[in-house]
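Analysis of the macromolecular model
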Amino acid sequence: MTSAPDDIILEASGLSRSFRGLQALADYNLRLATGEILGVIGPNGAGKTTLFNVITGFLPPTSGTIRLRGQEITGKEPNSVAALGIARTFQNIRLFSRMTVLDNVKTAQQLRGKAGFWETLFSTPSFLAKERALDEAAYAHLQSLGLEQFSDVYASALPYGFQRKLEIARALATEPSVLLLDEPAAGMNAQETAEITGFIRAIHQRFGLTIIVVEHDMTLIMPLSHRIQVLNYGRVIAEGTPDEVRGNPEVIEAYLGADEPADAVGA
Amino acid sequence: MSAAEFGQQFINALSLGSIYALVAIGLAMVFSILRLINFAHGETLMIGAVAGVVLADRGLPWLIWLPLAVLITVGAGWLMERVAYRPMRGAPDVTLLLTSLGVSIALQNGALLTLGSQPRPFPTPAVLGGQIPLAGGVQISRVNLVTIAIAIVLMIALTWFVTRTQTGIAMRATAENAMAARLMGINTNTVIIAAFLIGAALAGVAGFLWGSRVGRVEYDMGFIPVLKAFVATVIGGFGSIPGAVLGAYILGFGEIFLVALLPDYLTSYRDAFIFVALILILLIRPQGILGSTEPEKI
């Protein structure tokens, strides 16, 4: 596990979001260091997905601010947030299922190597060369993640585990500095979970990423995270290293109900 | 029906289907992204044809006025999106539908005020006039052949655009899942504008071909083509571009061959037969022939 350097890449202060009186996120604060892996856990409806939606610009916060590398991104459009370097995946995979694996990755290229309108219209040689270069870049990206044998397959035809990987690969194609993973091990068995855990650790190092991961599966979150935040009713009720959180009685109560034995969290 | 007659009707059907297809593509493209059934799309076609008449009156040769008319149509498509539909972004589907009907009525009445209610002759270029004689006294009109050729070229170009270019890929991504598309850095606005511009350009060309076919221009000439294009997209699967094209040709063939095969006293019920067929198709396959089940709405 890499140690986290202490310059702050993502900062949230006083972040709140309510839906008609329901407080989905309440006074949320975060100082995320470059290279850190933050695990966010909590019962269903604790505000984890709301947190992702607020950070990525899909939901404006009711109050509070978000800064990326010191620059305020609160209230920016999702595509602008993506352009600034925050990518995410979804709990329920949202691939472009009627598109090939290669084209899924190519959707990210809007951000890079933009072609001009007239260039496109008249398919100038420079445009065609650019399109070719983008094709090759997308293929190389798949290759680097071990997905190239599927490049011409429709995303919907991929085995489940590879759909997860492709969603992460597609997010990585936007060249993010911060990656938000929403339950990457959802629906996976123990062996697949171990594999995706290894995959996340590998891309964390290779792409120099800062990661926030929301997950229920402790076998993924405990070994992966440098730090864990526990959300309940939109509030951070505990925060610390995996070991600290594991032993916290308040967490065990919120997460599992008071009657569960403590070692169930530890896995 | 002799072989020569069959050939003639076949070309007729392909030609009619081609025009429906050019109109239907624009409907399907906009619907797939915005869930908007743009009934004002027919008025885009009308604007293209009217622009042709006005420009030809100025004495311009058709090689000049045709591209200009298409350009004007594209401008109209852009304006429509900017003025009428963008303020309605995110509104319920029914509101969008009513907006499009409103735009349609406004444009028709605008044309009625400026053109008057009398049809104007369409300046069909001389090269499109006339017939090509075949064996057995059967003739095929040039305008039909040109219509088919233009439609095929445009559809190949569109396929290339949608499958190969960045904007095309962004368009398909947005149509399938707008939320995920935005997270990939895709600007939804750009994609929506592109859909309107491309749809309008195709409708402009269709306006030229339709005008050349019927030989006249009227303020409400867009209504029938857009209605037929709507039926075509429903048959093919709403929101699917290949579905819209397939539906358009099915409709074209259905109309032409119904008239050719039915006894004379039934031919005036052509559209009734077409709509009965539509109802049957929807009973058996409500999502259309190539349509998938309804994608989630963002």
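So, a few notes on the structure that sits alongside this text. On a predicted model such as this, the values are computed, not experimentally measured, just so you know.

Some details on the interface of chain B and chain A
Listed by partner, the interface residues are 19 residues for chain B and 24 residues for chain A. Elements with a contribution of two residues or more to the side of chain B that touches chain A: helix 6 (166-176) and helix 7 (178-183) of chain B. In terms of residue count, helix 6 of chain B provides more of the side of chain B that touches chain A than any other element does, 7 residues in total. In terms of residue class, the side of chain B that touches chain A is built from 9 nonpolar, 6 polar and 4 charged.

Topic: unusual backbone geometry
All names here are of chain A. You will see that Asp 27, though not glycine, has its phi angle at about 45 degrees, which is positive. For Asp 27, a count of 14 C-beta atoms within 10 Å gives the class partly exposed. Phi angles above zero are rare outside glycine, and Glu 183 is one such case at about 45 degrees. Structurally, the position occupied by Glu 183 is in the loop between strand 7 (178-182) and helix 7 (190-206). In this structure Glu 183 comes out as buried when scored by C-beta crowding, with 20 C-beta atoms within 10 Å.

Remarks on the packing of helix 2 (residues 41-57) of chain B against helix 8 (residues 188-214) of chain B
Residues and elements named next belong to chain B. Running from N to C, helix 2 and helix 8 point in directions that differ by 55 degrees, and their axes come no closer than 7 Å. With respect to their mutual orientation, helix 2 and helix 8 come out oblique. In this structure, helix 2 meets helix 8 at a crossing whose hand is right-handed. Contacts between helix 2 and helix 8 pair His 41, Thr 44, Leu 45, Met 46, Gly 48, Ala 49 and Gly 52 from the former with Gly 199, Ala 200, Ala 203, Gly 204, Ala 206, Gly 207, Phe 208, Trp 210 and Gly 211 from the latter. Of the residues in the contact of helix 2 with helix 8, the class split is 8 nonpolar, 8 polar and no charged.

The rules behind each value
- Residues numbered from 1 in each chain as written.
- Chains lettered and ligands numbered in written order.
- Predicted model: local features only at pLDDT ≥ 70, side-chain atom pairs only at ≥ 80, totals over all residues.
- Contact = placed C-beta atoms within 7 Å.
- Helix = DSSP H or I, 4+ residues; strand = E, 2+ residues; numbered from the N terminus.
- Nonpolar A, V, L, I, M, F, W, Y, C, P; charged D, E, K, R; others polar.
- Buried ≥ 20, exposed ≤ 12 C-beta atoms within 10 Å, placed from the backbone.
- Axes fitted to C-alpha atoms, helices over the stretch in contact; angles between N-to-C directions.
- Parallel < 35°, antiparallel > 145°, perpendicular 65-115°, else oblique.
- Left-handed = near helix turned anticlockwise from the far one by under 90°.

On their own, these measurements won't tell you what the molecule is for.
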